[in-house]
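Observations on chain architecture
For reference, the chains in residue letters:
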Amino acid sequence: MPPPKALQKQLQEQKKGGDAAEQPHGGGALRGLGSVLCAPFGVLRCPNMKLRISLGTSDSSGLSFSPFLLLFALYFLIISGAVYVVINQPPSMGTDRDPKTGGLRHVAFMGGRINGQYIMEGLSAGLAMALGGAGFVMLDRANDKHVTIVNNRMMLTISGMISILSSLGLCQLFVRIKIPNYLL
Amino acid sequence: GRGGAMSFVTPEKREGRTAEPALRFIILSLCYILALLPRLIAVARYESVIHEFDPYFNYRSTQYLVDEGFSNFRNWFDERSWYPLGRIVGGTIYPGLMAVSATFFWVLNAINLNVKVVDVCVYLSPVFAANTTLVAYYLGKEVSGGGRGVGLVASFLVSVVPGYVQRSVAGSYDNEGIAIFALMLTFYWFIRSVNTGSLSHCAASCLSYAGLVSTWGGHIYVMNLIPLYVLVLLLAGRYSERLWIAFSTFYVIGTLLSMQITFVGFLAVSAAEYILAMATFVILQAYAASWFVKQHIPASHQTPELLTSAKRILALSAGAIAFSIFLLSIATGYRPLWTGRFWALLDPTYAARVLPLIASVSEHQPAAWTSFFFDLHILVFLIPAGMYRCLQSPTDANIFLVVLVMSSVYFASVMVRLIVVLAPCACILGAVGLSHSLRVYTAQLRGVWGGARRHQEISSQWEVAALMLIVFAGMLALYVFHSVWVTSEAYSSPSIVLAAKSADGSSIIFDDYREAYSWLRHNTPPDAKVMSWWDYGYQVSAIANRTTIIDNNTWNNTHIATVALAFASAEAQAIKVLEMLSVDYVMVVFGGLTGMASDDMNKFRWMARVAEGVFDGNKTVAGIRPIVY
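Everything in this summary refers to the structure shown in the same document. (Residues numbered from 1 in each chain as written. Chains lettered and ligands numbered in written order. Predicted model: local features only at pLDDT ≥ 70, side-chain atom pairs only at ≥ 80, totals over all residues. Heavy atoms only, no water.)

This paragraph deals with the packing of helix α3 (residues 54-68) of chain B against helix α7 (residues 117-143) of chain B. Two measures define how a pair of helices packs: the angle their axes make with one another and the distance between the axes. Residues and elements named next belong to chain B. Orientation of α3 relative to α7, taken along the N-to-C sense of each, is 130 degrees, at an axis distance of 10 Å. It follows that α3 is oblique to α7 by the angle criterion. Relative to α7, α3 is oriented so that their crossing is right-handed. For the pair formed by α3 and α7, the contact residues are Tyr59, Thr62, Gln63 and Val66 on the first element and Val117, Val118 and Cys121 on the second. (Axes fitted to C-alpha atoms, helices over the stretch in contact; angles between N-to-C directions. Helix = DSSP H or I, 4+ residues; strand = E, 2+ residues; numbered from the N terminus. Parallel < 35°, antiparallel > 145°, perpendicular 65-115°, else oblique. Left-handed = near helix turned anticlockwise from the far one by under 90°. Contact = heavy atoms within 4.5 Å.)

Given below as structure tokens:
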């Protein structure tokens, strides 16, 4: 946006004036203050920080995959119950006594409660849920206009559909192990 | 466009009259009804009764407001709870919920529909949940830049999402029922004001934020999320005048309005939880000022020396401000700290170490994976899809959605109760992702059957598109089925009335709580003092109408520890505590042969822990193991 005309004229006059411009009153004191204020910058340097997240400008069309991958990885960790694990410190998997031999058996899923899990159980369920999300992303990419080879498009669509259906089934299976009468 | 003789799906932008507005109205009405019906399962199964514990205090306050009027309500000092101490109710609650219910009560009674306060309280949450469905439609439309399809999918997803249903069933008369409505409305108006930069939209967002502050303590989340979003936009180089207008207005007027609530008061400018908002306001003004100055200097004058001196000025002023704040805090000795409840969200291990009372509440536990899947179902798959779509075509509104959902997913994993905030927001994000796929496949179908213009050059494989649409429809049907099942099995129990299945399959109803409270009400003198563990305090106050020693407000840890000491000590010591508190009756809940998992015997570990935390001379309570029958 071009500056208003009055300001433009003033700037041009200043350029012409240059050294012949008036010195401010009490110029000595002000120049002394200026040198005091600039003193730190004799030693320090203002950092040339380019602090920027690349999320595309208002007119760019798309962006790279990496911010999404980072967010997706964080989402996978949180969905697997990482904060629950940090606070409650459950074991990696539970143990149970075999009724016949008396030996120790490993139990993968903490049954009976909705709000309890073991570490491996959380990670595998998180993987199942992330698989479903990845399936939807694959379907989205299959219909992108950047994908030109029809074979790729068909593969992405089929693998996306298989991912979604299988992850739904997996999640239902896992929940039914914990809560036997789920959806029955 | 290309008109055909047959068009099964009317296109979005066709001139002339279409059936689309009628279709939209029908879909939104069906979503509204769908939001109401599952929430009424509890009423159909038991009766129209208020659930849980906290809602009873809200009910008692609403009754007081209806009886005494608003100015007495604001000055209410309750001497019948926290017995020797009393509680300043007027200054320590969020009055929005009671005010709304009282308004409904007065309006309905004025037109001679003589409802009781109990009825209004029971049915308020489902009505507001259905209203949230409508707000979700507008929010989905705004976020996707006018896409009505996104709005419709969002409103459908929000209507039954179990994470929201769990706090808004009929009878759950709690703050979240209304607060989530105000939350979504605030987000809608804020996004609208960022998109348009119009002051009237900013004013609407401030008003809805004021409504949110008056109903819920979770407004701190909004007052931290929106500044975080502004910072993300600044870092992404997406500053615009609209953003500056929207946030400046929202911060100033929103904070001023939030200070009108007595419970918030001057905390809004002095508490540490609001510091991010204040800092972002200052940073945004500095950014806007530098942008404004840069606009008015022609490019030829923007020399490197000018840039250097501008940066030096900025560095010097920032240093001066920081130094003066440092001096001020040393001079006045005022160092704001985050209060325990909110600090536990940032440092998840804090509550278990320092505040056993907060850590013991079951809804403050962190979320395991099943809680996420139960409360969101297919939304856990749709969140990455929506995130991908938002990051592929980022607009200011899309980035807000991503920041919103990522932060609420983290906070929901720290505290299960906050899934109620995650659920509607995940619905909007999921709607963005799902609606895109739906639109692509329906466009392929439309291209085959004749209708609007085609978007792609490849030959449309309509069989694949039709198959996909059938699979999506099946998935959404499974979602509704799951949501209604979860509502019916898990979230429709009133907690004050218990049910169990006997050996031959018939269900037995335990109404012991209400019988006990009725006994207290009819068989004890009106000024009797009843001591019980704090879970039952609100119910004793509301139903039995007797003075209680401690209740669910848990504002005084020492008082609770005194009662815990009485419960955990031998009788000879306990009677001294009871005499000190002038207790007449003691109420204990015992499950007995029913094996109830949450009776006072099973809570005894927490009583011992609380007593130990304050009176550490009480070594007898160390080493208690959980009781197993």
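Once the structure has been displayed, the description carries forward.
Here we come to the interface of chain A and chain B. Each side of the interface is counted separately: chain A has 75 residues, and chain B has 66 residues. Contact between chain A and chain B buries roughly 6300 Å² in total, counting both sides, with carbon and sulfur atoms accounting for 72%. Where Asp140 of chain A meets Arg389 of chain B, a salt bridge forms, and the shortest distance between an N and an O atom there is 3.0 Å. Connecting chain A to chain B are eleven residue pairs in polar contact (both at pLDDT 80 or more). Only α1 (5-17), α2 (27-38), α4 (66-79), α5 (82-88), α6 (119-142) and α7 (150-178) of chain A provide two or more residues apiece to the side of chain A that touches chain B. Examining the composition of the side of chain A that touches chain B, we find that 14 residues originate from one element, α7 of chain A, more than from any other. Per-class residue counts for the side of chain A that touches chain B are 48 nonpolar, 19 polar and eight charged. (Buried area = accessible area lost by both parts, 1.4 Å probe. Salt bridge = Lys/Arg side-chain N within 4 Å of Asp/Glu carboxyl O. Polar contact = N/O pair within 3.5 Å; in protein donor to acceptor, adjacent residues only side chain to side chain. Nonpolar A, V, L, I, M, F, W, Y, C, P; charged D, E, K, R; others polar.)

A separate point is the state of the cysteines. In the structure shown here, the tally under the stated rule is zero disulfides over all chains. Free of any disulfide, Cys202 of chain B has its nearest neighbouring cysteine sulfur in Cys206 of chain B, separated by 6.8 Å. (Disulfide = S-S within 2.5 Å.)

The subject of this paragraph is the sheet that holds strand β7 (residues 585-586) of chain B. Residue and element names in this part refer to chain B. Across the sheet, which stays open at both edges, the three strands sit in the order β6-β5-β7 with parallel pairing between neighbours. Single-partner strands in this sheet number two, and they are β6 (547-548) and β7. Both strand β5 (residues 529-531) and β7 contribute to a ladder of two bridges, which runs parallel. When the sheet's bridge partners are listed, Val530 is paired in β7 with Tyr585. (Pairing = 2+ DSSP bridges.)

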